[in-house]
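Breakdown of the fold
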Amino acid sequence: MCGIIGILGDGNVTERVIDGLRRLEYRGYDSAGIATLCDGNSLDRRRAKGKLKNLEEILENQTLDGIVGIGHTRWATHGEPTTENAHPHATEKVAVVHNGIIENFRDLREKLSAKGHQFLTETDTETIVHLITDYIDQGMSSREAAKAALSELHGAFALAIIFEGEDDLMIGARRGSPLVLGYGTNELQDKEMYLGSDAIALSHLTNRIAYLDEGDHVEITRNSVRVFDENGVVVSREIHTVNTDNGNIDKGNYNHFMMKEIYEQPTVVGQTIATLIDPLKGHVELPEMPFNLAEIKNVTIIACGTSYYAAMVAKYWMERLGRIKVDVDIASEFRYREPVMDDGGLSIFISQSGETADTLAALRYAKSQRQHILSILNVAKSSMERESDVVLHTHAGPEVGVASTKAFTCQLAILACFAIAHAKAAGKIDAEEENRLCIALSEVPARMAEVLNHDEAIQEMALEVAKARDVIYLGRGLEYPIAMEGALKLKEISYIHAEGYAAGEMKHGPIALIDKDVPIIVIAPSGRLYEKTVSNMQEVIARKGQVYFFTDIEGAKTDGEAAIATIALPMLDEFVTPILHAIPVQLLSYHVAVAKGTDVDQPRNLAKSVTVE
Ligand code: F6R
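All residue numbers refer to position in the chain's written sequence, counted from 1. It should be noted that, the model being predicted, local features are given only for residues of pLDDT at least 70 and side-chain atom pairs only at 80 or more, the latter also being counted only at that level, while totals for whole chains, interfaces and linings use all residues. As a convention, hydrogens and water are excluded, and side-chain values are obtained from all of the structure's heavy atoms.

A few words on the overall build of the chain. Every helix listed is a DSSP run of H or I at least four residues long, and every strand listed is a run of E at least two residues long, numbered separately from the N terminus. Counting secondary structure elements, the chain contains 18 helices and 27 strands. Over its C-alpha atoms, taken along the principal directions, the chain stretches across nearly 80 × 55 × 50 Å. Only protein chains enter the accessibility calculation, which uses a 1.4 Å probe. A residue is then buried if its area is under 20% of the maximum for its type, exposed if over 50%, and partly exposed in between. Taken across its 613 residues, the chain has 60% of its residues classed as buried. Contact between two residues is taken to exist if any of their heavy atoms lie within 4.5 Å; hydrogens are not considered. Sequence separation of 24 or more characterises 70% of the internal contacts of the chain that already satisfy a separation of 6 or more. For accessible areas, the Shrake-Rupley method is used with a probe of radius 1.4 Å. Any residue's cover is judged against the shown protein chains and nothing else. Surface accessibility of the chain: about 23900 Å² in total, with carbon and sulfur atoms responsible for 46%. Side-chain charges in the chain split into 60 positive and 89 negative, and the spacing between the mean points of these groups amounts to 3 Å. When charges are counted, Lys and Arg contribute as positive and Asp and Glu as negative, whereas His and the chain ends are disregarded. Taken as the charge centre is NZ of Lys, CZ of Arg, CG of Asp or CD of Glu, depending on the residue.

Here you go:
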């Protein structure tokens, strides 16, 4: 989603603003721009549709200097992704970059138009610029004008604002969309201050970060920071030293972030499991919970996209192991359904970013229904973290590829631990069973590394699958959500239409789609449901479906011959197979996308952090 960087610099800032925008590319965007305060303290800007390199080309021919600058990567909401609609938006007096949505922009635009303001774009952001300008024209100072304008804006947004004639002032505001404040770190940078939509945007500039709270706005000069809370009271926000090590947002030796992140999974899943399982004691140790796990009567798990598929797996785990009622829901549906929730239930929210607008709104609804709120999050200090009763962190590190991979398997690792801990607390499993499941879970990272050895074989498969127009994924039980996730991964990065189905549903409709041109990816490790899934696979083969079979060594021995291609994954306890089986479907979609030449890390129309509805 959109990204913001602002620098109140000690020297020319243009290159460093562009560098910050490069770090924000991972969020997904369709235009980019920069505004600076140039010689004579006047505002100037450059903007370009498409990728950052287009903006860089413009800057080569039409240079832009300045010691104060703001930059933006835009993911279109109001108005097409054109150069005109790209940020920063500006009048002669003010330039603004903006993440989020101004809900009352039509009313404001009408009022301002009636006063003679001329709007050149279709964006909601341009309204902010004219509103501030209008107040300045009425005689207010820059600070007063920004404050007055902020009080009139409705919606969820983050802003960075600079002003003509003010080379020692930048204003930021956070309402519903995150914004961080960066402090210069060394002698040279002591006189510098920064704003960013996340700490990664500023990782080349500083690791001293303060997170603005919901409703805050901030006035920054090189020597002072004044943060105002939502009531206008001056407050201080703690400075953290964050670890946004540049190495983490580097592709290393890989061609794409997605591939790097797929290969990081044995490490990060291992790290994540190690935060909750003590290998010596062989049991799960959750942090202190603000509720009694044994007394929870029902669980609701809410998320979007890939995180929702993690929720589906957790439902199977918790119901089977802990014998507890678990509802799962897509956040965008849940929030408007206003579901009935029994007092004291547990609501679990899963989100890589911790900023997804629908999930955050669903969290707030659950809170209003007196639910205990547990969130499973990857990005620290996110909005969801602030509003949860308790958080379990996935330790996937920054996930840059828009398609979620390592965050998903880390979410599964946390959810598996939670399901074990709940079942034990509820008296549904004994210490021996807990120990057995913990050992199975601890084996996952090593087995994941073995799965990566199948990369080449999956790449070969991908060359065939890349020719298809439609692809179907089938799985049962714990593998059904993995089939859904496989289909989502394929469509989002290769743009091939794909659907994931419960294998048993095939004959209730989708089987009509089967013909020789439709690859069918069957995910079936040996175990309780194996025979049933293989029967469905045979039904597909009988109709000339092209089956690609992701199974384990046992499954490959008995039925591997039936498929066009078979991948024999390591044997592992049935409980943990979905974590392992996520990898081959990720690799398949990656290689299909590469074969098709699509933009793997920043697929069209997608954003990493979906902070709008
Ligand atoms: C798919 C993908 C998305 C996200 C979804 C939720 O690869 O990345 O479907 O899973 O937008 O995002 P978070 O987990 O940040 O709430």
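Let us look at the pairing of strand β3 (residues 43-49). The rule for pairing is simple: two strands pair if DSSP sees at least two bridges between them. Of the pairings in the sheet, the one linking strand β2 (residues 31-37) to β3 comprises 7 bridges and is antiparallel in character. The residue bridging I34 from the neighbouring strand is R46, located in β3. What sits between β2 and β3 in their antiparallel hairpin is a turn of 5 residues, with G40 showing a positive phi close to 75 degrees.

A word on the pattern of salt bridges. By definition here, a salt bridge exists when the distance from a side-chain nitrogen of Lys or Arg to a carboxyl oxygen of Asp or Glu is within 4 Å. Within this structure, the stated rule accounts for 33 salt bridges. Between E485 and K489 there is a salt bridge, and its shortest N-O distance comes to 2.6 Å. Taken together, the residues span about one helical turn, with E485 and K489 both in helix α15 (residues 479-494) at a distance of 4 residues. Each member of the pair E485 and K489 is classed as buried. One continuous salt-bridge network, built from bridges that share partners, spans D19, R22, R23 and E56.

Right, let's talk about unusual backbone geometry for a bit. Cis geometry marks the peptide bond from H87 to P88; its omega dihedral reads 0 degrees. Take P88: it is sitting in the loop between β4 (68-74) and β5 (89-90). Within the chain, K381 stands out as a residue other than glycine whose phi angle is a positive 60 degrees. Inspection of the secondary structure puts K381 in the loop between β21 (372-377) and α11 (383-387).

What follows concerns the packing of aromatic side chains. Aromatic rings in a pair are described by how distant their centres are and how their planes are angled relative to each other. When two rings of Phe, Tyr or Trp (its six-membered ring) have centres within 6.5 Å they constitute a pair, described as stacked for plane angles under 30 degrees, edge-to-face for angles over 60, and tilted for the intermediate range. Counted by the stated rule, this structure contains 4 aromatic pairs. A ring pair is formed by Y254 and Y263, whose centres lie 5.6 Å apart and whose planes are at 40 degrees; its orientation type is tilted. One residue, K147, lies across the ring of F228, its end atom 4.2 Å from the ring centre. Either the NZ atom of lysine or the CZ atom of arginine qualifies as a charge over a ring when it sits within 6 Å of the ring centre and within 35 degrees of the ring normal. Across the ring face of Y495, the terminal group of R604 is positioned such that the distance to the ring centre comes to 3.8 Å.

All the domain ranges listed were derived from an automatic or database domain assignment. The domain architecture assigned to the chain consists of domain 1 (3-247), domain 2 (251-442) and domain 3 (453-600). Using only C-alpha atoms to locate each centre, domain 1 and domain 3 end up separated by 45 Å.

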